[in-house]
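Read off the chains here:
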Amino acid sequence: MMETRYIQLCASMICIVLLTSLQLYVKEQTRISRTKLLPYVPSHIPTPVKEPNTTLCPQGRPKPTIDDILCMAPFTFNSSHKNPCWTSVTGKLKCLPYFQVIGMDKCGTTDLFARISRHPDVVHNIKNKETMWWSWERYGYWLWSLNARRTYLSNYIHYFDNLALRLNNISRKKGKTQLVTGDGTPMDMWDFRGWKMIPQNKGLKEPQYLTPHLIRHVNRDVKLLILLRNPVDRLYSDYYFIDNGERSKNRTTFHQAVVKAIDVLKNCQEQRSLRSCLFDFNLNAKLVKHKTRIHLGFYAVFLREWLSVFPRDQILIMRTEDYSANTKSMMKRVFDFLQLKSLKEVELTKFKITTSKREYVTKHKLGKQPMMTKTRVMLENLYRADTEELGRLLKDKRFLWISRDSKSGMVEKKLYR
């Protein structure tokens, strides 16, 4: 009897040791995997300029809590590469993105970025699409949190090491290298909540410097791509996409959420400008709490910030409706804009650039009922002034997304007679 108990005790101890060892092994492998995915690799960052602009970089001020991009000396890129790259102090190549897909959420950016990345001359960044750096990581934001890990420009540069490693191996060959890489973060177009942390905005009621200014300072010739969808349809898709803890979503709950969100925005505008409200952290949080991000649909407000910094020919702006209707034609236009080599029909098929399969579909929206008419009318009225401004900015009436009613027809006639 004692012998049996002894054997059972030994067996139990062996099992405990094995399970403990297995748990430690899994934990270690997870740590290693995460380390490989997102290691912190210090990179050479331009030192502060010797004679800084005294207005932007006054002497004696407190040290900023984030990278002071505008007070860094610009990079000097290597002319032997198409992609913006330079040789660091360690002798290794470092790179920034050649292009950025900056917007807009739920307009097809995941699909667009995936198709661009299938071009043989495009190399994936380490995160495969969204780096989330300019809008989130550099401020320590994550989704709607203020407590995420803050990262720095060296981290952002590291995200493009895949290309740098490739170029290090081929840079000795004759001729200019054609490989490029990109960033696909749609939040960059609209999420300016961290503007108060930019040193040059200190003490201002509204921002003077935003993400476009910072990107242009370090990557002057970057090519920007934007997909815009009817803002009403975008919002309905976004409602089902965002996980806001709501157990059951349908067109009735969407209507209720829209009514509450419009009230939140109107209350803000009673004391502040629309621009100030859209860029405010607290308002963003309230709109998510009320389960619908109506603020993303004011395209003209956000686009005006980018057009005030970057030349128009450096930004390709497309409609999601056109992209979905004729993907092949739009992708050829994209490759032409990016100055990537033209691909033959057989290559477009081989690299699955013109496949009919979409890269991502909002599964929760599948099978849902169409939006209620009264909700659509409410949202069209909300966005009408902004879409009119967008049409004027782009000199293109297609961006009005005009409904088939007499009032919309009058708008088109007034703007483009």
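This is a predicted model, so every value here is computed, not measured.

What counts, and at which threshold
Residues numbered from 1 in each chain as written. Predicted model: local features only at pLDDT ≥ 70, side-chain atom pairs only at ≥ 80, totals over all residues. Heavy atoms only, no water. Helix = DSSP H or I, 4+ residues; strand = E, 2+ residues; numbered from the N terminus. Buried < 20%, exposed > 50% of the residue type's maximum accessible area, 1.4 Å probe, protein only. Contact = heavy atoms within 4.5 Å. Areas by Shrake-Rupley, 256 points an atom, 1.4 Å probe, with all protein chains shown as cover. Pairing = 2+ DSSP bridges. Disulfide = S-S within 2.5 Å. pLDDT = per-residue confidence, 0-100. Core = buried A, V, L, I, M, F, W, Y, C linked by side-chain atoms within 4.5 Å. Phe/Tyr/Trp six-rings, centres within 6.5 Å; stacked < 30°, edge-to-face > 60°. Arc of directions from axis to C-beta. Axes fitted to C-alpha atoms, helices over the stretch in contact; angles between N-to-C directions. Parallel < 35°, antiparallel > 145°, perpendicular 65-115°, else oblique. Left-handed = near helix turned anticlockwise from the far one by under 90°.

J.: Help me understand the overall build of the protein chain, please; the structure alone is not making it clear to me.
T.: Along the protein chain, the regular secondary structure elements total 16 helices and seven strands. Looking at the protein chain as a whole, 48% of its 417 residues qualify as buried. For the protein chain, contacts bridging at least 24 residues in sequence account for 72% of all contacts bridging at least 6. Total accessible area on the protein chain stands at roughly 22,600 Å², and carbon and sulfur atoms take up 53% of it.

J.: Can you walk me through the sheet that holds strand β4 (residues 122-123) in this structure?
T.: Strand pairing in a sheet relies on backbone hydrogen bonds, with the paired strands running either antiparallel or parallel. The five strands are arranged β4-β5-β3-β6-β7 in an open sheet whose pairing can be described as parallel. A strand with exactly one partner marks an edge of an open sheet, and here the two such strands are β4 and β7 (315-319).

J.: What is the right way to read the state of the cysteines from this model?
T.: Covalent bonding between the sulfur atoms of two cysteines is what defines a disulfide. Counted according to the given criterion, the structure contains three disulfides. Here Cys85 pairs with Cys95 through a disulfide, and the sulfurs are 2.1 Å apart. Torsion about the S-S bond of the Cys85 and Cys95 cystine: about 100°, corresponding to right-handed handedness. With Cys85 in strand β1 (residues 85-87) and Cys95 in strand β2 (residues 93-95), the pair connects residues that are ten residues apart, well separated along the chain. Its relative accessible area of 0% is what places Cys95 among the buried residues. Of note for the protein chain: the bonded cysteines, numbered N- to C-terminal, pair according to 1-2, 3-4, 5-6.

J.: Is there a simple way to explain the confidence of the model for the protein chain in this structure?
T.: Low pLDDT means the predicted coordinates in that region are not meant to be read closely. On average, the protein chain scores 84 in pLDDT, and the residues at 70 or more come to 78%. Note on residues 24-52: pLDDT is under 50 here. Beyond four places in sequence and across chains, it has 34 contacts. Here residues 404-417 is a poorly scored stretch, pLDDT under 50, and it has 18 contacts once near neighbours within four places are set aside; other chains count.

J.: Teacher, can you tell me more about the nonpolar core here?
T.: Looking at soluble globular proteins, one finds that nonpolar side chains tend to be buried together. Among the nonpolar cores identified, the biggest contains 110 residues, and Ile116 and Leu228 are the most heavily contacted of them. Take this core: its biggest share by element is eight residues, from helix α8 (residues 251-269). Apart from residues lying up to four places away in sequence, Leu228 is in contact with Met104, Cys107, Met189, Tyr299, Ile317, Met318, Arg319, Thr320, Glu321, Leu390, Phe399 and Trp401.

J.: In this structure, what is going on with the packing of aromatic side chains? I would like to understand it.
T.: What characterises a pair of aromatic rings is the spacing of the ring centres plus the angle enclosed by the ring planes. Counted according to the given criterion, the structure contains 23 aromatic pairs. Measuring from ring centre to ring centre gives 6.2 Å for Phe77 and Trp86, while their planes differ by 55°; the resulting arrangement is tilted. Since its relative accessible area comes to 4%, Trp86 is described here as buried. Ring geometry for Tyr139 and Tyr141: centres 5.7 Å apart, planes at 35°, overall tilted. Assessed through its relative accessible area of 4%, Tyr139 is described here as buried.

J.: What is the right way to read helix α13 (residues 327-337) from this model?
T.: Three- or four-residue spacings in an α-helix give side chains the same orientation, since the helix completes a turn every 3.6 residues. Every buried residue belonging to α13 is among Thr327, Met330, Met331, Val334, Phe335 and Phe337, and all of these are buried. Looking straight down α13, one finds its buried side chains confined to an arc of 160°; they lie on one side. Those residues of α13 hidden inside the fold are in contact with α2 (109-117), β6 (223-228), β7, α12 (320-325) and α14 (345-350). Gln339, located one to two residues past α13, shows a positive phi value of around 60°.

J.: Looking at this structure, I do not really get the pairing of β7. What am I missing?
T.: Looking along a regular strand, one sees side chains alternate from face to face of the sheet. Among the five residues that make up β7, five are buried, leaving the element largely enclosed by the rest of the structure. Burial along β7 is two-sided: the residues Ile315, Ile317 and Arg319 and Leu316 and Met318 are all buried. Across five bridges, the pairing between β6 and β7 is parallel. Bridged to Leu228 within β7 is Arg319.

J.: Would you mind going over α2 with me for this structure?
T.: For α2, a buried count of eight out of nine residues is recorded, marking the element as mostly surrounded by other parts of the structure. Along α2, the residues that are buried comprise Thr109, Asp111, Leu112, Phe113, Ala114, Arg115, Ile116 and Ser117.

J.: Could you clarify how one ought to interpret unusual backbone geometry in this entry?
T.: Negative phi is the rule for most residues except glycine; trans is the rule for most peptide bonds. A cis geometry characterises the amide bond from Gly103 onward to Met104, with omega recorded as 5°. Turning to its location among the elements, Met104 is positioned in the loop between β3 (99-103) and α2. Positive phi, close to 60°, is recorded for Lys106, a residue that is not glycine. Relative to the elements of secondary structure, Lys106 occurs in the loop between β3 and α2. Located in the positive-phi region is Gln339, a residue other than glycine, with phi close to 60°.

J.: What am I meant to see in the packing of α8 against helix α15 (residues 373-394) here?
T.: Geometry of a packed helix pair, given as the angle between the helix axes and the separation of the axes. Put simply, α8 and α15 touch, their axes get as near as 10 Å, and they point 25° apart. Taken together, the axis directions place α8 and α15 in an arrangement best described as roughly parallel. The crossing of α8 and α15 is left-handed. Every residue of α15 that contacts α8 at Phe254, His255, Val258, Val259, Ile262 and Leu265 is listed here: Lys374, Thr375, Met378, Leu379 and Leu382.

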